[in-house]
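# Overview (structure and organization)
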Amino acid sequence: MEKILNVKKKIKPFNKTIFVEGDKSLSIRWVLISSLSKKKSIAYNLLKSEDVINSIKCIKSLGSKVKFNKNKCEIIGNGFHVKKKGKILIDAGNSGTLGRIILGLLINSKNKIKLIGDKSLSKRDFSRVIKPLKKFGAKFDAKKNLPLTMRGLENPKPIKYFETRGSAQCKTSVMFAALKSKGITEIKAKKSRNHTELLFKYLRIPIKIKENKNFDIIKLKGINKIEPLDYQIPGDISSCAFFLVLTILSNNSQLLIKNVNINSSRTGVIKILKRMGAIIKFRNQKKYKGEKIADIFVKSSKKLKSINCPKEWNSSAIDEFLIIFLVAAKAKGISYFRNLDELNHKESPRLIWASKILNLMGVENTMTKNSLKIRGNPNLILNKKITIKNFLKDHRVFMMSTIAALTFGGDWKINDADSIKTSFPKFLKILKQLNQ
Ligand code: S3P
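Residues numbered from 1 in each chain as written. Predicted model: local features only at pLDDT ≥ 70, side-chain atom pairs only at ≥ 80, totals over all residues.

### What about the overall build of the protein?
- In terms of helices and strands, the protein carries 13 helices and 22 strands.
- Taking 2.2 N^0.38 as the reference for a compact globule, 436 residues should give roughly 22 Å; the C-alpha atoms of the protein span a radius of gyration of 21 Å, in line with that estimate.
- C-alpha atoms of the protein, sized along the principal axes, occupy 65 × 45 × 40 Å.
- Out of the 436 residues belonging to the protein, those deemed buried represent 53%. (Helix = DSSP H or I, 4+ residues; strand = E, 2+ residues; numbered from the N terminus. Rg over C-alpha atoms; globule rule 2.2 N^0.38 Å. Buried ≥ 20, exposed ≤ 12 C-beta atoms within 10 Å, placed from the backbone.)

### Thoughts on the sheet that holds strand β18 (residues 334–337)
- Judged by pairing direction, the sheet is antiparallel, and its three strands sit side by side in the order β18-β20-β19 without closing on themselves. The sheet terminates laterally at β18 and β19 (365–367), the two strands that pair on one side only. Between one strand and the next, the sheet's axes are offset by a mean angle of 10°, whatever the strand orientation.
- In terms of strand pairing, β19 meets strand β20 (residues 372–375) through three bridges, oriented antiparallel. Paired with Asn 365 across the two strands is Ile 374, which belongs to β20. (Pairing = 2+ DSSP bridges. Axes fitted to C-alpha atoms, helices over the stretch in contact; angles between N-to-C directions.)

### Things to note about the site of the ligand
- Inspection of the region around the ligand gives Ser 25, Thr 97, Ser 167, Ala 168, Gln 169, Thr 172, Ser 192, Arg 193, Ile 318, Asp 319 and Glu 342 as its neighbouring residues.
- In terms of residue count, helix α6 (residues 168–179) provides more of the shell around the ligand than any other element does, three residues in total.
- The residue makeup of the shell around the ligand, split by class, is two nonpolar, six polar and three charged. (Near = placed C-beta within 6 Å. Nonpolar A, V, L, I, M, F, W, Y, C, P; charged D, E, K, R; others polar.)

### Concerning the nonpolar core
- In this structure, Val 245, Leu 273, Ile 324, Phe 325, Leu 326, Val 327 and Ile 403 are the most contacted members of the largest nonpolar core, which totals 71 residues.
- When residues of this core are assigned to their parent elements, the largest contribution, ten residues, is made by helix α8 (residues 237–249).
- Residues in contact with Leu 326, not counting those within four places in the same chain, are Val 245, Leu 249, Met 400, Ile 403 and Ala 404. (Core = buried A, V, L, I, M, F, W, Y, C linked by C-beta atoms within 7 Å. Contact = placed C-beta atoms within 7 Å.)

### Re the domain arrangement of the protein
- Taken as a whole, the protein is organised into domain 1 (5–22 + 234–434) and domain 2 (24–220).
- Between the C-alpha centres of domain 1 and domain 2 the distance comes to 28 Å.
- With 23 residues of domain 1 in contact, the opposing surface of domain 2 contributes 26 residues.
- Considered class by class, the residues forming the side of domain 1 that touches domain 2 number three nonpolar, ten polar and ten charged. (Domains from an automatic or database assignment.)

### Section: the sheet that holds strand β17 (residues 291–299)
- Reading across from one edge, β2-β15-β17-β16 is the order of the four strands in this open sheet, with mixed pairing throughout. Edge positions in the open sheet fall to β2 (15–19) and β16 (279–288), since each of these has one partner strand only. The sheet shows a mean angle of 15° between the axes of neighbouring strands, direction not considered.
- As paired strands, strand β15 (residues 254–261) and β17 are joined by six bridges and run antiparallel to one another. When the sheet's bridge partners are listed, Asn 261 is paired in β17 with Ile 293.
- Lying over the sheet, α8 contacts β2, β15, β16 and β17, oriented at roughly 165° with respect to β15.

### Quick notes on the pairing of β15
- Pairing analysis gives five bridges linking β2 to β15, with the strands arranged parallel. Residue pairing in the sheet places Ile 18 in a bridge with Ile 257 of β15.

### Structural notes on helix α12 (residues 395–408)
- In this model, α12 (14 residues) spans 20 Å end to end at C-alpha, consistent with the 20 Å of a helix rising 1.5 Å per residue.
- Here α12 lies mainly inside the structure; 14 of its 14 residues are buried.
- Just downstream of α12 lies Gly 409, where phi reads positive at about 85°. (Expected span 1.5 Å × (residues − 1).)

### Comments concerning the packing of α8 against helix α10 (residues 321–330)
- One way to put it is that α8 packs onto α10 with a least axis distance of 9 Å and a crossing angle of 15°. Taken together, the axis directions place α8 and α10 in an arrangement best described as roughly parallel. The way α8 lies across α10 gives a crossing that is left-handed. Two secondary-structure elements touch here, α8 through Ala 241, Phe 242, Val 245, Ile 248 and Leu 249 and α10 through Ile 323, Leu 326, Val 327 and Lys 330. (Parallel < 35°, antiparallel > 145°, perpendicular 65-115°, else oblique. Left-handed = near helix turned anticlockwise from the far one by under 90°.)

### Structural notes on helix α13 (residues 427–434)
- Every buried residue of α13 is listed here: Phe 427, Ile 430, Leu 431 and Leu 434. All buried residues of α13 project into a common sector of 105° when viewed along the axis, lining one side. Summarising the geometry of α13, the exposed residues directed more than 90 degrees from the buried face are Lys 429, Lys 432 and Gln 433.
- Contact partners of the buried residues in α13: β2 and α12. (Arc of directions from axis to C-beta.)

### Structural notes on the environment of Asp 230
- Mapped onto the elements, Asp 230 comes out in the loop between β13 (215–221) and β14 (231–232).
- Taking C-alpha positions, Asp 230 is 5.2 Å from Ser 41, a pair spaced 189 residues apart along the chain.
- Non-local contacts of Asp 230, meaning those with residues more than four positions away in its chain, are made with Ser 41 and Ile 42.

Below, the structure written as structure tokens:
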């Protein structure tokens, strides 16, 4: 049974300092990379969410040893080859990142790999990784959806690949497959989050990157051994974004969110919110193993203005649009968001959900296949009953609805509170802390 959250009151003004949990992208990448080294890797502040736990379960089933104690996780990997004989079952649960990347990582395994996932993941598009992985020589029994079976090969052939969606999951899946191929794989990739590139560089894996305005050219040479990776996972800017918007839309409030990853391939949300009139500042900026980290300060904003959102910013804010749309709902004027077809390929079709929720809130909006136009209302106050029934474990639909309820008012019943377990299990606990 899914859990329903009932919100009937707006949040009280707050002035607090918080930490959000570890970055999901970095946590999953750390687990998968550590599984390739036979020496011990240690991470602190690894995100303890279902997506990451499923990644750990998955590398354990491939032969890695994992110790997870409070804030510290240790992994002794199984190296570059899977020793296990016979069929391997991988359950990626709700995680597109795990499901797509693990296929690239297992390209050199001759075992039959069966990949399954939950109801939401089984609806998602896997053809985007099946196509390039087939070029390496892997064989698949499915074209698009889960469950699927992959059979890899001992010596994958390096490939040339053009990633046109701006999907870091696809890029990373191919990068893992390239790591296990003899020779140089060349990837031309539309801009997307670059954590894998930074981690590979830090590990001194032979990788060359030429950055152009819209595309990066990545040349990656296969290897057969990797060093262990010790890592302190910073806070997740995608989790932080919900609290930025909560503060912006609340009265007389301010918040300091400590130790957040501010990699520029992830900070589209900050650029967008600032252009809409939000007051957001980075403090204590530092570099850590190629990534940028800072404390983020945010204040309530009285005057929000609409935005014509540049489509070049889309990929660096891809997980944050739902929450950004709430700011557009309160901003003066009409906001435009275009070229967002990728939003309908997430845990649930998010563009459709955004429009549905805005309609329930009485916010005038027009949706097309890939765009959303929102007429903001600076005086918007809700006092009606709203019920959100999202049963696809879409954590971001749940969190967006919760923030809407706490800032615009009304009597909300929101499904499904359990969904936050996939990316941000402490979301409700932190909200309680702010509302004391
Ligand atoms: C992720 C990439 C993004 C993002 C997802 C995490 C990653 O997906 O939506 O939450 O860690 O690589 P796409 O790469 O499919 O855009």
